[in-house]
Amino acid sequence: MQRDFSKLTTQPFDVLICGGGIYGAWTAYDAALRGLKVALVEQGDWASATSSASSKLIHGGLRYLESLDIKLVKKALRERQMLLQVAPHRVWPLRFGIPVFAGSRLNRFRLKIGLTLYDYLAGTLGGSQAHRYFSRGVFAEYFPCLDPSSLINGFSYLDAQTDDARFTLELIDGALSAGAVCLNYCKVTEFIEHNGRLCGAKVHSSVEDQSVDVFARQIVNTTGQWLSEIQPEPVEYRLTKGVHLILPKILENEALLLTAQADGRVFFMIPWYGLTLLGTTDTPYDGDIEQVKVEADHIDYLLTEANRVLKSVHWNKSDIIGQYAGLRVLKQSPKTSPSAVSRDWELKIAYNGLLTSIGGKFTSAREDAAQIVNTICHNLGLNESCQTDGKAFPWLPETDYRQWSATILANAKSLYIDDESALWLIKRHAKRVPLIFELIANAPHLAKRIIPSLPFIVADLVFCARHEMVVHLDDLLRRRMPLFILSKMTPAECRAITDIIATTLAWDTDKLNDELAICTRKGFFSGKTIQRLEK
Ligand SMILES: Cc1cc2nc3c(=O)[nH]c(=O)nc-3n(C[C@H](O)[C@H](O)[C@H](O)COP(=O)(O)OP(=O)(O)OC[C@H]3O[C@@H](n4cnc5c(N)ncnc54)[C@H](O)[C@@H]3O)c2cc1C
């Protein structure tokens, strides 16, 4: 994946997509596969906004059944089932336990009905993926971290998990391979109209510090929380903020769905890269969309609710390893509670032809993007059907995935890569893993972990730096490899990491100092001072 700014002006495009989150990525990939000339521009890094701040779940959304959002849940479950098939490296099954405590808002009867409906909608009723019921004793054994004193019984059900930023990146790579021009750090600053119809946009690259006119027959606005900044007409939507905390490992391979006592909302404890993801909050937001922060009251809320059900640990603020916040775009609704508002998606077509994506979910973005591309094809008089439904993901190996994974694991052993790191390498890179092995064959020390407690090896980092369109340090350490949120990285550790990739990225001391300063400003080293490197 290489960045080539000159390609933006070499041709008029069929479609220009503004915003490289999951909606922009799927739209670009599908449109390019249908043979359209596609440009996709992102003002920051790929997935740098909401699409790297989600709960990382590929799910139907069990809780939406409470608001009888059956259509939405069914659509998302269909996507979940499909993604498990076509992207086994990118989307993997994750079982959730639901404890029923005395006085729980969700009692055994309501859960049984909800979970049966969930399985029915997913087409998994009665099969190995169906929900299960557990007596108090068995459930407590499964989840020894929970306080069993008021536990009555429990259930488990199946959903799926991903790494949202890498999911988006893989699709961008797929779009590039299908011929799209995809550029990060390129912002649409203004539209160009001809006779009242959009025909292009002014795009400014912060890397080249240069603006160019990009011409296209159709323009799509997938800018998420920024959608009204380039939308010519008022659009009705609201924003809510969601916060996640990363805490030490507490679960093995299964997650927990819990209900907060303070407000009855559902929240999760999820194993992710060997640690625990705790979230999310869901509160109305009318603050600065450029500065979405984790506030103290969100931390208190999550820690209090988690500690209420835990027995094996009592988490304090000092236990928090990492944190992040993101904004949801929700369609306008008369409902007052943010959690009760539908996560459904809408396509708005403006008088000048701009197509704007509003709301939606990470899980169902493919299906929504297909509708965007259908509209584009219709407007251009083309009869090209959706190419992404059931299509294997760009990095999925062509051979049998299980057999291929077993061979890769054996090869990893012979290169002295530990088993856990090897498993994550497969999930992160799939068919590109042999290229990482080649790096190690030439330099065996690259098989080592970067930080002993996390399953990332040095060769992975070098590979990402070299091949994944990294422009800034946080592209690499927050999204390509989420070290900034999975470790309380000390300045010395960060320095050691920048030493590894400086040559690969051709960064001199001044550039390194600038990048460290940017990351400090963004709060990745909160409370710690980064020393400038001496020239
Ligand atoms: C806390 C939280 C948890 C969630 N958990 C889940 C979950 O577990 N599962 C699930 O299915 N869904 C989940 N969602 C929903 C899901 O994350 C979002 O629906 C999805 O990420 C939105 O993607 P997007 O592409 O519309 O927006 P974004 O990811 O925000 O992308 C928009 C992009 O547009 C860019 N941009 C803006 N202006 C310009 C411009 N002028 N020029 C160029 N680029 C521009 C931005 O930089 C940004 O990268 C969650 C949401 C939140 C907030």
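Preceding this paragraph is the structure being described.
Fair warning: this is a prediction, and the values are worked out from it, not measured in the lab.

Cut-off values and rules
Within each chain, residue numbers correspond to sequence positions counted from 1 in written order. In keeping with the predicted nature of the model, local features appear solely for residues at pLDDT of at least 70, side-chain atom pairs appear and are counted solely at 80 or more, and the whole-chain, interface and lining totals rest on all residues. Side-chain metrics in this entry use all non-hydrogen atoms of the structure; hydrogen atoms and water are not considered. Exposure categories follow from relative accessible area, calculated using a 1.4 Å probe and restricted to protein chains: below 20% of the type maximum is buried, above 50% is exposed, and the middle band is partly exposed. To qualify as a helix, a DSSP run of H or I must reach at least 4 residues; to qualify as a strand, a run of E must reach at least 2; elements of each kind are numbered from the N terminus. Any two strands with at least two DSSP bridges between them are considered paired. Ring geometry is summarised as follows: Phe, Tyr and Trp rings, the Trp one being its six-membered ring, pair when their centres sit within 6.5 Å, and such pairs are stacked at plane angles under 30 degrees, edge-to-face over 60 and tilted between the two. Criterion for a charge above a ring: Arg CZ or Lys NZ at most 6 Å from the ring centre, at most 35 degrees from the ring normal. The near set for a molecule or strand comprises every residue that places at least one heavy atom within 4 Å of it. As used in this structure description, the phrase polar contact means that two N or O atoms lie within 3.5 Å; if the pair is within protein, one of them must be able to donate a hydrogen and the other to accept it, and residues adjacent in sequence are counted only when both atoms belong to side chains. For the area figures, the Shrake-Rupley method with a 1.4 Å probe applies, and any residue is considered shielded solely by the protein chains shown. Here the term charged refers only to Asp, Glu, Lys and Arg, the term nonpolar to Ala, Val, Leu, Ile, Met, Phe, Trp, Tyr, Cys and Pro, and the term polar to all other amino acids, Gly among them. For this document, the term salt bridge refers to a Lys or Arg side-chain nitrogen within 4 Å of an Asp or Glu carboxyl oxygen. Contacts are residue-level and defined by heavy atoms, with any inter-residue pair within 4.5 Å sufficient.

Asks: Break down the pairing of strand E4 (residues 92-101) for me, citing the residues and quoting the values.
Replies: In terms of residue burial, E4 counts as a mostly covered element, since nine of its 10 residues are buried. Sheet topology note: the E4/strand E6 (residues 151-161) ladder contains 10 bridges and is antiparallel. For Phe101, the partnering residue across the bridge sits in E6 and is Leu151.

Asks: Can you tell me about the packing of aromatic side chains, naming the residues and giving the values?
Replies: Counted according to the given criterion, the structure contains 20 aromatic pairs. Look at Trp26 and Tyr29: their rings are 6.2 Å apart centre to centre, the planes differ by 40°, and that puts the pair in the tilted class. Note that Trp26 and Tyr29 are positioned in helix H1 (residues 22-33) at a spacing of three residues, about one turn of the helix. With centroids separated by 5.4 Å and ring planes inclined at 65°, the aromatic side chains of Tyr133 and Phe155 adopt a geometry described as edge-to-face. Remark: Phe155 occurs in strand E6 and Tyr133 occurs in strand E5 (residues 132-135); sequence separation between them is 22 residues. Given a relative accessible area of 0%, Phe155 falls into the buried group. The rings of Trp26, Tyr29, Phe167, Phe362 and Phe393 are connected pair by pair, giving a single aromatic cluster. Sitting over the ring of Tyr133, Arg108 keeps its end group 4.1 Å from the ring centre. Here the basic side chain of Lys427 rests over the ring of Trp92, its NZ or CZ set 4.3 Å away from the ring centre.

Asks: Just give me the short version of the site of the ligand, but keep the residues and values in it.
Replies: Taken together, 35 residues lie around the ligand, and Glu42, Ser51, Ser55, Leu57 and Thr363 are the ones closest in. Within the side chain of Thr363, one N or O atom sits 2.7 Å away from an oxygen atom of the ligand. Here the ligand loses 94% of its free accessible area of 1,000 Å² to cover by the protein chains. Those elements that place two or more of their residues in the shell around the ligand are H1, strand E8 (186-194), strand E11 (237-247) and strand E16 (322-331). Looking at the shell around the ligand, its residues break down into 11 nonpolar, 19 polar and five charged.

Asks: Give a description of the pattern of salt bridges that names residues and reports values.
Replies: As enumerated under the stated definition, the model contains 35 salt bridges in all. For the salt bridge of Arg34 with Asp30, the shortest nitrogen-to-oxygen distance reads 2.9 Å. Taking the shortest distance from any N to any O, the salt bridge between Glu66 and Arg110 comes out at 2.8 Å. In this pair, Glu66 is assigned in the loop between strand E3 (57-58) and helix H2 (70-86) and Arg110 in helix H3 (residues 108-122), connecting sequence segments 44 residues apart.

Asks: Before we move on, could you go through unusual backbone geometry and cite the residues and values that matter?
Replies: The omega angle of the peptide bond from Gly279 to Thr280 is 10°, so this bond is cis rather than trans. Phi is positive for Lys56, close to 65°, though the residue is something other than glycine. Take Lys56: it is sitting in the loop between strand E2 (38-41) and E3.

Asks: Give a description of the pairing of strand E17 (residues 345-349) that names residues and reports values.
Replies: Bridge analysis of E17 against strand E18 (residues 355-359) gives five bridges, and the strand direction is antiparallel. Looking across to E18, one finds that Ile349 is bridged to Leu355. Between E17 and E18, which follow one another and run antiparallel, lie five residues, and Gly353 among them has a positive phi close to 100°.

Asks: Give a detailed account of the side chain of Glu515, specifying residues and quantitative values.
Replies: Note that Glu515 resides in helix H15 (residues 509-521). Among the polar contacts made by the side chain of Glu515, one reaches the main-chain amide nitrogen of Leu473 at a distance of 2.8 Å. In this structure Glu515 touches Val471, His472, Leu473 and Trp507, once residues within four positions along its chain are discounted.

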